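# Coordinates in review
What follows is the residue order along each chain.
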Amino acid sequence: EADIYQTPRYLVIGTGKKITLECSQTMGHDKMYWYQQDPGMELHLIHYSYGVNSTEKGDLSSESTVSRIRTEHFPLTLESARPSHTSQYLCASRYGSNEKLFFGSGTQLSVL
Amino acid sequence: ILNVEQSPQSLHVQEGDSTNFTCSFPSSNFYALHWYRWETAKSPEALFVMTLNGDEKKKGRISATLNTKEGYSYLYIKGSQPEDSATYLCAFLNQAGTALIFGKGTTLSVSS
């Protein structure tokens, strides 16, 4: 059973609102990731972190930002949501370079 | 940009059938190849992490092989059951090791 949690599970919000997607893990993993998936498409990496105070952008450009102030917490923020941000966002973590990923349950974001 | 290709995109089989899927990835700078199973309304879960050319891994009725020189991996399911219905994702990690690059997945549907 994976100990990685994402909230909210679903979010419907209006254009221009600021939102934060929460991701927490209790496994002490140093590496954390945010993936974005549109229907029928692959998971695209948008942000990753190798530890506290370390954040990097992934392969897919995103207007979102992340922070890693604590090992267990890796929130993603959109300052001003737009309909183009409608997507599924998956958080994941792992320990070390050759270990499997543990995924959260995802957040399905709809921006109207 | 690294591409990970999976085929077929979707597959429908009868209970008891055996089946296999393909994952193609860049053969240069290989570090690891992961397989995940993603059931509807659940989080993706790791099946295998494979690192060595010629690796074969098995978990119950599911097995996988790896050819790093030619850049492909096969996932086999023997005697498919309805509970095997899911999307199967493969993901490639190169030696730079930033993060896993995912394919679009193969969606398997098993009818009883």
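These lines cover the structure that appears in this document, whether it is placed above or below. Everything quoted here is computed from the prediction, not taken from an experiment.

Residue and element names in this part refer to chain B. Across the sheet, which stays open at both edges, the five strands sit in the order E1-E3-E8-E7-E6 with antiparallel pairing between neighbours. Both edges of this open sheet fall to strand E1 (5-7) and strand E6 (56-59), since each of them pairs with a single strand only. Looking at each pair of strands side by side, their axes are set apart by 15° on average, direction ignored. Bridge count for E1 against strand E3 (residues 19-24) is three bridges, and the pairing is antiparallel. Across the sheet, residue Ser7 finds its bridge partner in E3, namely Thr22.

So, about unusual backbone geometry. In this model, Thr7 of chain A is joined to Pro8 of chain A through a cis peptide bond whose omega is -5°. Relative to the elements of secondary structure, Pro8 of chain A occurs in the loop between strand E1 (4-7) and strand E2 (10-13). Put simply, Ser7 of chain B and Pro8 of chain B share a cis peptide bond, and its omega is -5°. Secondary-structure assignment places Pro8 of chain B in the loop between E1 and strand E2 (10-14). One non-glycine residue, Asn53 of chain A, adopts positive backbone phi at about 65°. On the secondary structure map, Asn53 of chain A appears in the loop between strand E5 (44-51) and strand E6 (54-57). Here Asn53 of chain A falls in the exposed class, since its relative accessible area comes to 68%. Phi angles above zero are rare outside glycine, and Asn29 of chain B is one such case at about 55°. Tracing the backbone shows Asn29 of chain B in the loop between E3 and strand E4 (30-38). Given a relative accessible area of 49%, Asn29 of chain B falls into the partly exposed group.

Turning our eyes to something else, we now look at the pattern of salt bridges. Applying the stated criterion across every chain yields a total of six salt bridges over all chains. Residue Arg70 of chain A is joined to Glu72 of chain A by a salt bridge in which the shortest nitrogen-to-oxygen separation is 3.1 Å. Residue Arg70 of chain A is classed as partly exposed on the basis of its relative accessible area, which comes to 44%. In this structure, Lys42 of chain B engages Glu39 of chain B in a salt bridge whose closest nitrogen and oxygen atoms are separated by 4.0 Å. Take Glu39 of chain B: its relative accessible area is 24%, and that puts it in the partly exposed class.

Basis of the calculations
- Along every chain, residues carry numbers that run from 1 in the direction the sequence is written.
- Going through the entries in the order they are written, you letter the chains from A and number the ligands from 1.
- Selection of residues for local features in this predicted model requires a pLDDT of at least 70, selection of side-chain atom pairs for listing and counting requires 80 or more, and totals for whole chains, interfaces and linings are taken over all residues.
- Excluding hydrogens and water, the side-chain figures rest on all heavy atoms present in the structure.
- Whether two strands pair depends on DSSP finding at least two bridges between them.
- Every helix listed is a DSSP run of H or I at least four residues long, and every strand listed is a run of E at least two residues long, numbered separately from the N terminus.
- Axis definition: a line fitted to C-alpha atoms, over the contacting stretch in the case of helices. Angles run 0 to 180 degrees between N-to-C directions.
- The classification of residues rests on relative accessible area computed with a 1.4 Å probe and restricted to protein chains. Under 20% of the type maximum is buried, over 50% is exposed, and intermediate values are partly exposed.
- Take a side-chain nitrogen of Lys or Arg and a carboxyl oxygen of Asp or Glu: if they are within 4 Å of each other, that pair is a salt bridge.

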